[in-house]
Amino acid sequence: TAIYVFATIAILMATTKSNKLTQKSIEQTAILERERLRPYLSIELKITKKGGRDSLSYGYIILRNTGATQARHVSIEMNPVIFSTPIIDGKKEKKIPYFIENQIENIAPNVELSDSIGFLPGIFDNFDVPIFRGTITYQDANSRKYVESFTINFDAMRLATPYID
């Protein structure tokens with residue numbers, strides 16, 4: 001009888017350990033699946049030649065969701081805040097890209113928002129040190145919060161070759 005009791009206790013201990021490992025595996029799988037299905041936002045730049053090969057480089061800032069689900073309550077903080085100074089009705093106006101100045105309620109997967117940052121020489125005229133650091137804060141459908149950091153360094157791109165449409 002003692003052997004049966006001992007064997008039963010050994011089986012119980014092995015089963016308990018196996019169940020704990022299985023539970024941990026299930027939890028890790030759930031975390032991986034949640035990460036696979038989350039939204040993922042990033043900031044990118046596109047530099048083109050506006051008006052042909054001999055014109056000045058022109059820039060666009062792009063907010064892109066490369067994740068699998070919708071991003072909600074998207075806000076961007078940037079220091080310094082990037083802006084351009086287009087001439088509107090004969091006078092210079094300070095123009096901040098819309099999605100940097102305003103919260104965006106939803107961005108679907110595989111969607112990008114873009115806005116002009118003007119001619120690139122204007123960036124060097126407007127900012128002594130054209131390096132912009134910031135964060136993108138957003139949520140998923142379950143109100144889980146994400147924060148992504150970014151740096152845009154125009155000094156590093158000073159001699160970059162622009163994309164030509």
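Read on for a plain summary of the structure.

Thresholds applied
Residues numbered from 1 in each chain as written. Predicted model: local features only at pLDDT ≥ 70, side-chain atom pairs only at ≥ 80, totals over all residues. Heavy atoms only, no water. Helix = DSSP H or I, 4+ residues; strand = E, 2+ residues; numbered from the N terminus. Rg over C-alpha atoms; globule rule 2.2 N^0.38 Å. Buried < 20%, exposed > 50% of the residue type's maximum accessible area, 1.4 Å probe, protein only. Contact = heavy atoms within 4.5 Å. Areas by Shrake-Rupley, 256 points an atom, 1.4 Å probe, with all protein chains shown as cover. Pairing = 2+ DSSP bridges.

1. Structural notes on the overall build of the chain
Helices and strands together make up the secondary structure of the chain, namely three helices and nine strands. Reading the secondary structure of the chain in the N-to-C direction produces α-β-β-β-β-β-α-β-β-α-β-β. Over its C-alpha atoms the chain spans a radius of gyration of 26 Å, topping by over 25% the 15 Å that the globule rule assigns to 165 residues. Looking at the chain as a whole, 30% of its 165 residues are labelled buried. Contacts spanning at least 24 positions in sequence make up 64% of the contacts within the chain whose residues lie at least 6 apart. Of the roughly 11000 Å² that the chain leaves accessible, carbon and sulfur atoms contribute 54%.

2. A short note on the pairing of strand 3 (residues 71-79)
For a regular strand, the rule is simple: side chains alternate between the two faces of the sheet. Direction of pairing for strand 3 relative to strand 6 (residues 104-107): antiparallel, over a ladder of three bridges. Bridge assignment links Arg72 to a residue of strand 6, and that residue is Asn106. Of the strand pairs in this sheet, strand 3 and strand 8 (residues 131-139) are connected by six bridges, and their pairing is antiparallel. Across the sheet, Ile76 pairs through a bridge with Ile136, a residue of strand 8.

Bear in mind that shape data such as this cannot, by itself, settle questions of function.
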